[in-house]
Amino acid sequence: MSAKIVEILSSEDLRRTVTRLASQIVERTRDLSQLVLLGIYTRGALLAELLSRQIEVLEGVSVAVGALDITFYRDDLDQIGLRTPAKSDIPFDLTGKTVVLVDDVIFKGRTIRAALNAVTEYGRPEVIRLAVLVDRGHRELPIHPDFIGKQLPTAKEEVVKVYLQDWDGRDAVELIAD
């Protein structure tokens, strides 16, 4: 039996969703000069770049972007398997900043818990918020995004796959079910 694939967001839907997320981040940020977008590798880092570009289009303000590897902060490495860590790229102090963590999909919340721990290595932000492209539910931790592109109720065994042009050669979000 083959997997059933359902397109959740097309390329155009994804573009609109990123624009909406960027607008929401701008609305909730008092001082854009203090805003930092920290993307969680891999696709969260790419989304942070997309959001930064969109905020610049909307507001004419360049927003600092960093990339965060959370591999060594995870509490579930035994379950997700070994992976080669990337190098976090945060060339600035986060102290006093408004940090928006950016990820593609939030599921159980463990990636975000690890990211929160990792952020403390780079300073003490004034506030940390969370932006996700897709919230699929099933949280195991009391973590809730501040900015959600698409709320997508799923079964635990289903998979949400995000494709981004710069990494995958196309933009889309798909739900994969057996």
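- Looking at an unreviewed UniProt entry, one finds the protein chain named Bifunctional protein PyrR and attributed to Atlanticothrix silvestris CENA357.
- Entered under Sequence similarities (unreviewed entry) in the UniProt record, the comment concerning the protein chain runs "Belongs to the purine/pyrimidine phosphoribosyltransferase family. PyrR subfamily."

Some points on the pattern of salt bridges
Stage number 1. Across all of its chains, the model carries ten salt bridges by this definition.
Stage number 2. A salt bridge links R16 to D13; the shortest N-O distance between them is 3.7 Å. Separated by three residues within a single helix, R16 and D13 lie in helix α1 (residues 11-28), roughly one turn from each other.
Stage number 3. The exposure class of R16 is partly exposed, given its relative accessible area of 48%.
Stage number 4. Its salt-bridge partner being E140, residue K108 comes within 3.8 Å of it at the nearest N-O pair. Of this pair, K108 sits in the loop between β4 (98-106) and α4 (110-119) while E140 sits in the loop between β5 (127-135) and β6 (147-151), and the two are 32 residues apart along the sequence.
Stage number 5. Three or more residues are tied together by salt bridges with common partners; here these are E12, D13, R15 and R16.

Quick notes on the environment of T154
Stage number 1. Mapped onto the secondary structure, T154 falls in the loop between β6 and β7 (159-163).
Stage number 2. Using a relative accessible area of 11% as the deciding quantity, one classes T154 as buried.
Stage number 3. In the structure, T154 is positioned eleven residues away from I143 in sequence and 17 Å away in space, judged by C-alpha atoms.
Stage number 4. Not counting the four nearest positions on each side in its chain, T154 is found in contact with R136, H138, V160 and L175.
Stage number 5. Side-chain polar atoms of T154 contact the side chain of R136, separated by 3.0 Å.

Parameters at a glance
- Residues numbered from 1 in each chain as written.
- Predicted model: local features only at pLDDT ≥ 70, side-chain atom pairs only at ≥ 80, totals over all residues.
- Heavy atoms only, no water.
- UniProt positions renumbered as here; feature names shortened; annotations may be inferred.
- Salt bridge = Lys/Arg side-chain N within 4 Å of Asp/Glu carboxyl O.
- Helix = DSSP H or I, 4+ residues; strand = E, 2+ residues; numbered from the N terminus.
- Buried < 20%, exposed > 50% of the residue type's maximum accessible area, 1.4 Å probe, protein only.
- Contact = heavy atoms within 4.5 Å.
- Polar contact = N/O pair within 3.5 Å; in protein donor to acceptor, adjacent residues only side chain to side chain.

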